[in-house]
Amino acid sequence: MISLQLASLLTAGSLMVIGAVAVIFIDNLIKKVIALSFIADGVNLFLVTLGYKPGGIVYIYLPGMSGSWFAQNAAYPLPFALVLTSIVIGASTLAVMLGIIIVLYHKHGTISASKVLEE
């Protein structure tokens, strides 16, 4: 049986590979943006998987907890903070990319990357 962490790593790798292949081979600009989103989601899943600790608890220190027990059983908080930051930055970047695609469509009349680049 495959472990949850290994399955998450394989899924993250698959998302990144699918996104990279789509960015390289697909001509539609909107589909390229979606592929970039796949890559970002794969990286986020990879970071969350790194922070996973089997049997771990939420990293909130409550009164009455032993400090050494908490340190041994708490999940790693840094990857989750990085993912939260990445999600906020990714949403902003996605909005800017889609706005640029709208401007390119109005200027060139197409969202084909090859036709936009040849003009």
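For the structure itself, look to the data block above.
Each chain has its residues counted from 1, following the order in which its sequence is written. For this predicted model, a pLDDT threshold of at least 70 governs which residues receive local features, and a threshold of 80 or more governs which side-chain atom pairs are given and counted, while totals over whole chains, interfaces and linings are taken from all residues. Only hydrogens and water are set aside when side-chain values are computed; all heavy atoms of the structure are taken into account.

Looking at the packing of helix H1 (residues 4-25) against helix H2 (residues 29-51)
1) Next: Whenever a helix is involved, its axis is fitted only over the stretch in contact; in every case the axis is a line through C-alpha atoms, and angles between N-to-C directions fall within 0 to 180 degrees. To qualify as a helix, a DSSP run of H or I must reach at least 4 residues; to qualify as a strand, a run of E must reach at least 2; elements of each kind are numbered from the N terminus. Relative to each other, H1 and H2 sit at 160°, their axes nearing to 8 Å. Put simply, H1 runs roughly antiparallel to H2. Seen from above, H1 lies across H2 with left-handed handedness. Between 65 and 115 degrees an angle is taken as roughly perpendicular, under 35 as roughly parallel, over 145 as roughly antiparallel, and anywhere else as oblique. Two helices crossing with the near one rotated counterclockwise from the far one by less than a right angle form a left-handed crossing, whereas a clockwise rotation gives a right-handed crossing.

Structural notes on the nonpolar core
1) Next: What we call a nonpolar core is a set of buried Ala, Val, Leu, Ile, Met, Phe, Trp, Tyr and Cys residues that are connected through their side-chain atoms within 4.5 Å. Here the term buried applies to any residue with accessible area under 20% of the maximum for its type, exposed to any over 50%, and partly exposed to those in between, with areas from a 1.4 Å probe on protein chains only. Leu29, Val33, Ile101, Ala113 and Val116 together form the largest nonpolar core, which totals 5 residues.
2) Next: Those elements giving two or more residues to this core turn out to be H2 and helix H5 (113-118).
3) Next: Throughout, a residue-residue contact means that at least one pair of heavy atoms, one from each residue, lies within 4.5 Å. The contacts of Val33, once residues within four sequence positions are left out, are Leu94, Met97, Leu98 and Ile101.

A short note on H1
1) Next: Its 22 residues give H1 an end-to-end C-alpha distance of 31 Å, which sits within 8% of 32 Å, the value for a rise of 1.5 Å per residue.
2) Next: Considered for burial, the residues of H1 that qualify are Ser8, Ala12, Gly19 and Ala22. Axial view of H1: buried residues confined to an arc of 105°, hence all on one face. Counted as exposed and oriented over 90 degrees from the buried face of H1: Val17, Ile24 and Phe25.
3) Next: In the core, the buried residues of H1 are packed alongside H2. For a helix, the expected span equals 1.5 Å multiplied by the residue count minus one. Think of it as the arc spanned by the lines of direction from the helix axis to the C-beta atoms.

Here's the deal with the side chain of Ser112
1) Next: By secondary structure assignment, the location of Ser112 is in the loop between helix H4 (77-108) and H5.
2) Next: Any pair of N or O atoms that falls within 3.5 Å is considered a polar contact. Within protein, one atom must be able to donate a hydrogen and the other to accept it, and sequence-neighbouring residues count only if both atoms are side-chain atoms. Side-chain polar atoms of Ser112 contact the side chain of Ser114, separated by 3.3 Å.

Some thoughts on the layout of surface pockets
1) Next: As defined here, a cavity is a set of points on a 1 Å grid over the protein atoms alone where a 1.4 Å probe fits but cannot get out. A pocket is an open set with protein on both sides within 12 Å along at least five of seven lines, and residues line them when an atom is within 4 Å of a point. Grid points are joined across faces, edges and corners, and a volume is the space filled by probe spheres set on the points. The computed volume of the largest pocket comes to approximately 250 Å³.
2) Next: Lining the largest pocket are 13 residues, and of these Ser37, Ala40, Gly90, Ala91 and Leu94 lie nearest its centre.
3) Next: Going through the elements one at a time, H2 and H4 are the ones with two or more residues in the lining of the largest pocket.
4) Next: For the lining of the largest pocket, the leading source of residues is H4, giving 7 residues.
5) Next: Note on residue classes: Ala, Val, Leu, Ile, Met, Phe, Trp, Tyr, Cys and Pro are nonpolar, Asp, Glu, Lys and Arg are charged, and everything else, Gly too, is polar. Of the residues assigned to the lining of the largest pocket, the class counts are 7 nonpolar, 5 polar and 1 charged.

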